[in-house]
Amino acid sequence: MKDAPSSNPAVSGEEAKGRFRVVNFADPTGVGSVDSPEAAPTEGMQNGDTVMSETSLHSSTGGQHHYHYDTHTNTYYLRTFGHNTIDAVPNIDFYRQTAAPLGEKLTRPTLSELHDELDKVRPLDGFANGDELTPAEEAAAKEAAESKGVVKFGWIKGVLVRCMLNIWGVMLFIRMSWIVGQSGIGNLVLLGVLPTVTKAPLSKGITLSCVIVAMATVVTTITGLSTSAIATNGFVRGGGAYYLISRSLGPEFGGSIGLIFAFANAVAVAMYVVGFAETVVELLIGMDAVMTDEVNDIRIIGTITIIILLGISVAGMEWEAKAQIFLLVVLVTAIFNYFIGSFIPMKSKEAKGFLGYDASIMWENMGPDFRGETFFSVFAIFFPAATGILAGANISGDLADPQMAIPKGTLLAILITGIVYLGVAISTGSCILRDASGNVNDTISSHLMANCSTAACKFGYDFSTCKNEDTCRYGLHRDFQVMSLVSGFGPIITAGIFSATLSSALASLVSAPKVFQALCKDNIYPGLQMFAKGYGKNNEPLRGYILTFGIGLAFILIGMASLIACSLVNRCFHAVFVLNRKNPRWRPSFKYYNMWVSLAGAILCCGVMFVINWAAALLTNVIVMALYIYVSHKKPDVNWGSSTQALTYHQALTHTLHLSGVEDHIKNFRPQCLVMTGYPNSRPALLDLVHSFTKNVGMMICGHIRTGYRRPNFKELATDQARYQRWLLKNETKAFYTPVFAEDLKQGCQYLLQAAGLGRLKPNTLVLGFKNDWRDGDMMNVETYISMIHDAFDFQFGAVILRLKEGLDFYYALLMRFAFILSFVVVCIPADKKSPTVPLNVSDQRLLEASQQFQKKQGKGTVDVWWLFDDGGLTLLIPYLLTNKKRWKECKIRVFIGGKINRIDHDRRAMATLLSKFRIDFSDITVLGDINTKPKKEHMAAFEEMIEPYRLKEDDMEQEAAERLKNSEPWRITDNELELYRAKTHRQIRLNELLKEHSSTANLIVISLPLARKGAVSSALYMAWLEALSKDLPPILLVRGNHQSVLTFYS
């Protein structure tokens, strides 16, 4: 049956009634066809099957419309499966981040809609983890959705043209011939073209121009392969190299490299403009038309040029693209002009070194002839010419299909330009001499020709005199304009030089602002947000253009081209340091990629960078490192699913698995605490104190047991887990928040004791807050509280209890403090008036102050350690770790131990020896010889009065009645156990008297937690012991280890 189920409500509509607010396709334009089975129902068409959801018309992505599939009325699903289903088949629209760039964003039915019971309410719309858009991406999506008629480029105009123009550059016409003169053509050509010539040793051709071109091409090719892989690993937005790096390696790498990269492009504008201005000034000097002097003429022409380029850029990308096409035509014409001219030898040019293609000239120019240069200095001059491969990627936001355009255009540009460079190197080295005087009279007589070994002799010339006297003005070594000499028409080469410099300058002038705009949109660096704003249909970064213009103009006026070149040389080396580990997200459609090749490329880039100019390389790396540290410290609120995150996860997983195979050792023990905080912000004193001795030492897990009679809401639990984990990170608390649902606290504690942690990263110490209100509520809560301590010992955990006189539950005081302020916010107090604070009552004020006491520096006080029973050393280790922290650094450890009156000195020396072996500093050791003295009568009477309501008094009732009462109220204290443990009871009361006598001014007391045998001591009596021991004292930690050694004096 293929009719829509809405035509038969009795058959298929009942399940949908009251179950979901299922929505159908909504027409974004508001106009739907009523004849279409997929058309949205009108407002009155609510037949119980399909009801429009509010959330279907609103979205959290900057106002974009998200639409839910209505599988009750969409016949696509009926045709697919042949029956009505609310489950959705795979669809690309479910995986979009936003509707703007690619198409409509659709939301698949949630798991709750498919799984929950029929009476469940549909949750609000949301994104899956990792699909949330950053504010910058939301703004970009909104701008893209609102703009119409946006200019987008294909791979030829957008990438290929720009990359070729930037790679060729002025180097091709001015410096390439000089590079050939210095380094020679190359042994590669020698072996391939002239296999029969063996007159000279092959070792002469080690450092050669073809090797230089090949090395630069290898570096750029590896970079191009890595860039292509990154560009095809997901949708690419605007921002070019910065976007690719930041989304792959994270904001730390992206923010540091992106800023340097944008600045280097801005400086490159000045370098190219200065190159253009120098060429113009040379022409003016030749025509005797200098305006002022050479330096100032360069500044004047450079300033005029950069203003014109700024005008073209501001006019829009379409005009800029047209200008680039025109410049490419001029450049290609100049290249063809050179090659055509090289086949037309002229008698008038022979004296200037151009003799036409000849094997002897080629052989003579085959090996290196460095004059004041080295291989690496020549390579340093050539390599910037090969760094223009990112010119296309830098305008990724203006490409119609970046994933196709970037790999295709970039790699083809590298291939074409590499072939042309090699062609020019071979050509110039095969037809032009290294040295020539330009004097037609420098000929050689026929009778001396037999003794002449140079290639010039073959043509009747002898330039040895000018070479020896260093007066030659022409040739590969001497004349930077030699390609104009060789070409068919010299002015076209000059036009090519102009085209190369202007096109490179224009590309850099466009690239720098776009990269900088993307960086500013992500708000990595505060204060730069003003440069994120775009204008016009293409979202042009006009403010970035102005800034780039200012930087370029400043360097032009400085007139230090060498300084500019140094900055440019280093910019590309940071572009691709990508090593994607085994990460499921790494699925580039570009398959010609290998992470080991990328690693080799990164190492090669680093090595070449330092070889070329170690000082500039070191400075660049220091700046990048400083920016990296700054961004890491700032921790920008972005989550791009970077490779750095994946690598961190992989390393953590690997180390955790490795650690699980290593046996625990006493020397590596550290307290790993399961702290029963509830919500982490509800007991700040407990959280702060435990964090003080676990930070950077051990692990802390904030356990939260959620109980209740209603059915547990696991989605709410997951939401709270993420929220409070963020709270811990924001408050720089190194801990994990782990909530669980349980029927009661005892069951929940057992869950946490068994399941919290991972591998060796599991807690070994349970930390509780003292139950101050144990006498006010249901005594079964006391039974549960004590059972948690027993369970900890059963699981071989240590146990720690913190007690403050004021209590630990800060949450109530917090609510009271802000309730009045919140009431004013609701009624909208004017912004210029201060919200009044609420005075707390005395107890709440004390609680508030007590909750913050461990956040402050403790000053010169004491931490008193009452190590009464040997629990393995945890009672001593915790205060030691605590006093190593900055807040507790000035506190001294005082140790109190029990002993006999007649052996006090002996016991003190023994303990001092033990502490010295443990390498634990202490200020004093006190041996208490009167612990077993009976406490004062009034204190014993107070204890009897405290436990009176909880006694069973079985002697005053029949045995059966006593047993029934004990079974129903197991916490009650029997007369038998009270008598059996009377000495232990007296000890707790006496210890409290001694604590008040010796430690009433201590910053913190750490004392051995008394043990109660399970099943023998009732929870009420044990709670009474803890109360008697710790009441009316400074902050006190009751500690009991699991009686396995945690301290050792062996190395």
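The rules behind the values
- Residues numbered from 1 in each chain as written.
- Predicted model: local features only at pLDDT ≥ 70, side-chain atom pairs only at ≥ 80, totals over all residues.
- Heavy atoms only, no water.
- UniProt positions renumbered as here; feature names shortened; annotations may be inferred.
- Helix = DSSP H or I, 4+ residues; strand = E, 2+ residues; numbered from the N terminus.
- Buried < 20%, exposed > 50% of the residue type's maximum accessible area, 1.4 Å probe, protein only.
- Contact = heavy atoms within 4.5 Å.
- Salt bridge = Lys/Arg side-chain N within 4 Å of Asp/Glu carboxyl O.
- Pairing = 2+ DSSP bridges.
- Axes fitted to C-alpha atoms, helices over the stretch in contact; angles between N-to-C directions.
- Patch = residues over 30% accessible without salt bridge, like charges linked within 9 Å, V, L, I, M, F, W, Y side chains within 5 Å.
- Areas by Shrake-Rupley, 256 points an atom, 1.4 Å probe, with all protein chains shown as cover.
- Lys, Arg positive; Asp, Glu negative; His and termini not counted.
- Charge placed at Lys NZ, Arg CZ, Asp CG, Glu CD.
- Core = buried A, V, L, I, M, F, W, Y, C linked by side-chain atoms within 4.5 Å.

With an unreviewed UniProt entry as reference, the protein chain is termed Solute carrier family 12 member 2, source organism Astatotilapia calliptera. In its Catalytic activity (unreviewed entry) section, UniProt records this for the protein chain: "K(+)(out) + 2 chloride(out) + Na(+)(out) = K(+)(in) + 2 chloride(in) + Na(+)(in)".

Glancing now at the overall build of the protein chain. A tally of regular secondary structure across the protein chain gives 40 helices and 12 strands. A burial count over the protein chain gives 50% of its 1051 residues as buried. Of all intrachain contacts in the protein chain linking residues separated by at least 6 positions in sequence, the fraction that spans at least 24 positions is 80%.

We now examine the pattern of salt bridges. Scanning the entire structure with this criterion turns up 28 salt bridges. With a closest N to O distance of 2.8 Å, E716 and R706 form a salt bridge. With E716 in helix 29 (residues 714-730) and R706 in strand 4 (residues 700-706), the pair connects residues that are 10 residues apart, well separated along the chain. On the accessibility criterion, E716 (31% relative accessible area) is partly exposed. Exposure remark for R706: the relative accessible area of 9% places this residue in the buried category. Between R990 and D930 there is a salt bridge, and its shortest N-O distance comes to 2.9 Å. Taken together, the residues R990 in helix 39 (residues 982-998) and D930 in the loop between strand 10 (924-928) and helix 36 (937-947) connect sequence positions 60 residues apart. You can call R990 buried: its relative accessible area is 12%.

With respect to the helices and strands, I666 occurs in the loop between helix 27 (643-660) and strand 3 (673-676). Along the sequence, I666 and Q1044 sit 378 residues apart, while their C-alpha atoms lie 8.9 Å from each other. Discounting residues that sit within four places of it in the chain, I666 has contacts with S1045, V1046, L1047 and T1048.

Our focus in this paragraph is the sheet that holds strand 5 (residues 736-741). Spatially, 5-4-3-6-7-12-11-8-9-10 is the arrangement adopted by the 10 strands of the open sheet, whose pairing is mixed. Each having just a single partner strand, strand 5 and strand 10 make up the two edges of the open sheet. Going from strand to strand, the sheet's axes swing by 20° on average, the running direction of each strand aside. Here strand 3 pairs with strand 4 via 4 bridges, running parallel. Paired with L674 across the bridge in strand 4 is I701. On the sheet, helix 30 (residues 745-755) packs against strand 3, strand 4, strand 5 and strand 6 (765-769) and is oriented at approximately 150° with respect to strand 4.

Attention shifts here to helix 11 (residues 240-249). Most of helix 11 sits out of view: 10 of its 10 residues are buried. Looking one or two residues beyond helix 11, the residue adopting positive phi is G250, at roughly 100°.

One non-glycine residue, Q796, adopts positive backbone phi at about 60°. On the secondary structure map, Q796 appears in the loop between helix 31 (779-794) and strand 7 (798-803). Its relative accessible area of 43% is what places Q796 among the partly exposed residues. Within the chain, K953 stands out as a residue other than glycine whose phi angle is a positive 55°. If you trace the backbone, K953 turns up in the loop between helix 36 and helix 37 (959-968). Under the relative-accessibility criterion, K953 is labelled partly exposed at 29%.

On the surface, a cluster of positive charge is contributed by K635, K695, K734 and R887. Its location among the elements puts K695 in the loop between helix 28 (684-694) and strand 4.

Quick look at the nonpolar core now. The biggest cluster of nonpolar side chains holds 127 residues, and the ones touching the most others in it are W168, L172, F173, M176, F382 and Y421. Leave out the neighbours within four places in its chain, and M176 touches M171, V213, F382, Y421, V424 and A425.

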